[in-house]
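Per-entry structural report
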Amino acid sequence: MTVEEQLALLRRGTTEIISEADLAEKLKSGKPLRVKLGVDPTVAHVTLGWAVVLRKLRDFQKLGHTAVLIIGDFTAQIGDPSGKSKTRPQLSHDEVVRNVEAVSKQVYKILDPALTEITYNADWLGTMTFVDVIKLCSKYTVARIMERDDFTNRWNEHRPIAMHEILYPLCQGYDSVMVNSDVELGGTDQKFNNLVGRDLMQHWGQEPQVVMLCPLLIGTDGKEKMSQSLGNYISVVDSPNDMYGKTMSIPDELLDNWFELCTDVPMAEARQAIMSNPYEAKKRLAREIVGLYHSVEEAEMADQFFKETFSQRQQVVEAEDAAIPHDLIADGVVALANLIASLGLAKSNGAARDLIKAGAVSLDAEKVMDPFAKLQAIELDGKILRVGRHQFRTLRLAR
RNA sequence: GGGGAGUUGCCCGAGUGGCCAAUGGGAACAGACUGUAAAUCUGUCGGCGAACGCCUUCGGAGGUUCGAAUCCUCCACUCCCCA
C-alpha cells in the first residue's frame, strides 16, 4: 500500500490531522508507529462514542502499527476538565481498578490484542517528586494554559478553576514523552491536551507526535456528546435488543453522523438510504451496529424483536425472569405498585402508582389502570409485566 | 492581608419569619399521536401512607421564636475588587 493510500484510509472520519505532512513523513519511514490513546478509567463501559476513536486506532493496526493505550489511572485522580464547566469529582483507587478491569475486556471487541500495548500513567506520574513536578511546570506558561476554552470560559464566568486542573494537560502531554508516541489520537475535545504533548516532546528532544482528532459522537438524546455520566450512551456490551432499540431512539438528524462514525457503510450509500426513507435507514443503522458488536444473526433477531414488540405492539414473549419477593405477599395477594417498586422498575411505590395511573403498566399486554391493584400471587406466575415502553419482566413465584 | 457578594430540589433560578415540600424554566419519566424520530398535546416529577396526614429537605453546626429556607452566632466552601 502506498503512503497516499494509507493516508486516505487514515484520513477517513477525522476532522483534523496536525500535521498531515508529518504523518506522511512518519509513514514513509516504514517502521511501525506507536499510536497513543489515553483511556479514561472513570467509566465502566466502552461507548459507541469512544469506539469512534478505537475504530480509528484499529485502522492503524491494520497497517501494522502499534496501539499504545495509556490507562489514566493517575490522571483520573485529577479529572479531565475538557468540556467540563465544573471541577470533576475525584475517583477512589478501587473504583478506578474496577473500571479498568471492565473496560480492558471491552476494548478488544475492537482492537487487535497482538498489536496493543497497555500502560498505566501512575507508573511514571505517581513516582515523580515535587521537584520533578515543578520542572515539568516550568516548561509551560500560565497564559498558554489559560488559552484553553474550558478555562477561559470558566474564568470569564467567574466559576472556580482548581490549581490541580491546570496540571491535567501537562500530565497528559508528559505521557506522550514517556511512551515516545508517533501519533496521538483523540476526540476533538482533546485537541488542547494533545498539542501540549507536542510541545513537551520537543522540550525533551523528541520528534513531536502527530495529532489526529476524531469528531465527537452525539448521544442518543440528540443533544450532548455521548457520555456515561449523561446516560445518553450505547455500550459495546449492551444486549442486541438494547443496542438496536437505543439506536432507533436517536433523532433523524443524527443519522448521517452515526453512519459515518459508527459503521463501515459507504457514505454515498448511507446518504441515499437516509434521503429515501429515514425510518428504514435507521433500522439499517441499528442492524449494522448490532452486527458489529454481536453478529449478523443477532442483528436480525433484534430487528424482528423490535418489529413485533414496538411496531406491531404484540405481546412480548420473552423477558428476564423476576422473582416475586415473599415479603410482599400477604394472604396470597400482592400489591402491584409495591411489586414494581421492589423490582426496581420504579423509584418508589408512589412513582409506581403514578405510572399505573398514566397507563404505563401492563400484564400480558393488558393494561392495569388501578394504582392500588392487588393481585393473586399465583396468577401472576409466568405473566409478563411491562412498565413503560421498554422494561419487561417475566414474573416468577418462588415456591 | 483588607473590603464586598454568594451557597435553595437533577440543573438554572424565585422565595427574606407562618398561606413553603418550597413560584418559574430546563432536563427527566409516562400517556396520546407516531417510526422507541421530530413536532404537538396531557400528566408526573422528595419519601411513607388507601386517606385526614406524617417524616426528611433549602452549604454544616448551634441559637432566638409558639413557628425559620427566611433572624442571630460560629464553621466550611465559592466568586469579585484592592494588596
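Residues numbered from 1 in each chain as written. Chains lettered and ligands numbered in written order. Predicted model: local features only at pLDDT ≥ 70, side-chain atom pairs only at ≥ 80, totals over all residues. Heavy atoms only, no water.

1. What to know about the pattern of salt bridges
Evaluation of the coordinates by the stated rule reveals 27 salt bridges. Salt bridges here are not isolated pairs; linked through shared partners, they connect Lys26, Lys31, Asp182 and Glu207. (Salt bridge = Lys/Arg side-chain N within 4 Å of Asp/Glu carboxyl O.)

2. Thoughts on the sheet that holds strand 6 (residues 210-214)
Across the sheet, six strands lie side by side as 1-6-5-2-3-4; this open sheet has mixed pairing. Two strands close off the open sheet at either side, each with one partner strand: strand 1 (16-18) and strand 4 (116-120). Strand-to-strand twist of the sheet, defined as the mean angle between neighbouring strand axes without regard to direction, takes the value 25°. In terms of strand pairing, strand 2 (residues 34-39) meets strand 5 (residues 183-187) through two bridges, oriented parallel. Across the sheet, the residue bridging to Val35 is Val183, located in strand 5. Against the sheet, helix 9 (residues 168-179) touches strand 2, strand 3 (66-71), strand 4 and strand 5, its axis set at about 145° to strand 2. (Pairing = 2+ DSSP bridges. Helix = DSSP H or I, 4+ residues; strand = E, 2+ residues; numbered from the N terminus. Axes fitted to C-alpha atoms, helices over the stretch in contact; angles between N-to-C directions. Contact = heavy atoms within 4.5 Å.)

3. Describing the domain arrangement of chain A
When the domains of chain A are assigned, the result is domain 1 (3-214), domain 2 (240-311) and domain 3 (321-396). If you average the C-alpha positions of domain 2 and of domain 3, the two centres end up 32 Å apart. (Domains from an automatic or database assignment.)

4. Overview of the side chain of Asp182
By the element assignment, Asp182 lies in the loop between helix 9 and strand 5. Looking at Asp182, its side chain comes within polar contact range of the side chain of Lys26, at 3.5 Å. Among residues more than four places away in sequence, those in contact with Asp182 are Lys26, Lys31, Pro32, Leu33, Arg34, Gln209 and Val210. (Polar contact = N/O pair within 3.5 Å; in protein donor to acceptor, adjacent residues only side chain to side chain.)

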